[in-house]
Amino acid sequence: MAFPDRIERTVEITRPPEQVWAALTTAEGLAAWFGETAEIDLRPGGSARMTWTHGHTADMRVERVEEPAVFGFTWRIYGLPEDDPRRTYVEFTLEPVAAGTRLTVVETGFAQLSGDTYRVAFDGNTTGWAKELGELVAYLDAA
């Protein structure tokens, strides 16, 4: 039996796509809900980095930018050594709806892992996206 390769979460946010886009694609926005500090070069091939006070760093490579509808990046797989070249791909899709924005996040690339490594990464990111999207909604609701 094959492992699931995809984490997908959708939330409806009572803000227009432009505001959600800014929260996803600017250093100020990312630092407000995702990391504690952030920097981003918003162009395909650009780099992004988020850091947390406990010492964790996430280095990302911007892969797709279609303002204000699609933003995608790759990043290191949680639980693997820093020098491991494998990455997952994360894509945010924003869709205008009557109440604001339907945001879908999809992360793929877990099938390249096996056993315990797969379980740690997939379970960690499944839990992580639920938590982080909750923080994104709270940040935008407070704005």
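Residues numbered from 1 in each chain as written. Predicted model: local features only at pLDDT ≥ 70, side-chain atom pairs only at ≥ 80, totals over all residues. Heavy atoms only, no water.

Draft legend 1. Main features of the overall build of the protein chain. Within the protein chain one finds three helices and seven strands. When the helices and strands of the protein chain are placed in sequence order, the string is β-α-α-β-β-β-β-β-β-α. Over its C-alpha atoms the protein chain spans a radius of gyration of 15 Å, differing by no more than 12% from the 15 Å that the globule rule assigns to 143 residues. Oriented by its inertia axes, the alpha-carbon framework of the protein chain measures out at about 40 × 30 × 30 Å. Taking all 143 residues of the protein chain together, 38% fall into the buried category. (Helix = DSSP H or I, 4+ residues; strand = E, 2+ residues; numbered from the N terminus. Rg over C-alpha atoms; globule rule 2.2 N^0.38 Å. Buried < 20%, exposed > 50% of the residue type's maximum accessible area, 1.4 Å probe, protein only.)

Draft legend 2. Focus on the packing of aromatic side chains. Taken as a whole, this structure holds 13 aromatic pairs when the rule is applied. A centroid spacing of 6.5 Å and a plane angle of 80 degrees characterise the contact between Phe34 and Trp52, whose relative ring orientation is edge-to-face. In this pair, Phe34 is assigned in the loop between helix 2 (27–33) and strand 2 (37–40) and Trp52 in the loop between strand 3 (47–51) and strand 4 (57–66), connecting sequence segments 18 residues apart. With relative accessibility at 8%, the residue Phe34 sits in the buried group. (Phe/Tyr/Trp six-rings, centres within 6.5 Å; stacked < 30°, edge-to-face > 60°.)

Draft legend 3. A look at the layout of surface pockets. Of the volumes computed, that of the largest pocket is approximately 480 Å³. His56, Trp75, Tyr78, Gly124 and Asn125 are, among the 17 residues lining the largest pocket, the residues nearest its centre. If one sorts the elements of the lining of the largest pocket by residue count, helix 3 (residues 115–142) sits on top with seven residues. Here the residues of the lining of the largest pocket are counted per class, giving six nonpolar, seven polar and four charged. (1 Å grid on protein atoms, 1.4 Å probe; cavity = no way out; pocket = protein on both sides within 12 Å on 5 of 7 lines; lining within 4 Å. Points joined across faces, edges and corners; volume = space filled by probe spheres on them. Nonpolar A, V, L, I, M, F, W, Y, C, P; charged D, E, K, R; others polar.)

Draft legend 4. Representation of empty space enclosed by the protein. With the rule as written, the count across this model stands at one cavity of 30 Å³ or more. By volume, the largest cavity amounts to about 40 Å³. Together, Leu24, Leu30, Trp33, Phe34, Ile40, Ala48, Met60, Phe71, Phe73 and Phe92 line the largest cavity. Of all the elements in the fold, those that place two or more residues in the lining of the largest cavity are helix 2 and strand 5 (70–76). Partitioned by chemical class, the residues of the lining of the largest cavity number 10 nonpolar, no polar and no charged.

Draft legend 5. Structural context of the nonpolar core. Among the nonpolar cores identified, the biggest contains 35 residues, and Leu24, Met50, Trp75, Phe92, Leu103 and Leu136 are the most heavily contacted of them. Among the elements that take part in this core, helix 3 stands out by supplying seven residues, more than any other. What Leu103 contacts, discounting residues up to four positions off in sequence, is Arg9, Thr10, Val11, Ile13, Val20, Leu24, Phe92, Thr93, Leu94, Leu133 and Leu136. (Core = buried A, V, L, I, M, F, W, Y, C linked by side-chain atoms within 4.5 Å. Contact = heavy atoms within 4.5 Å.)

Draft legend 6. Seen up close, the pairing of strand 6 (residues 87–97). One ladder, built from seven bridges, connects strand 5 with strand 6; its direction is antiparallel. Residue pairing in the sheet places Phe73 in a bridge with Val90 of strand 6. In the sheet, strand 6 pairs with strand 7 (residues 100–108) via nine bridges, with the strands oriented antiparallel. Across the sheet, Glu95 pairs through a bridge with Arg102, a residue of strand 7. (Pairing = 2+ DSSP bridges.)

Interpretation note: all reported values are geometric properties and have no functional meaning in isolation.
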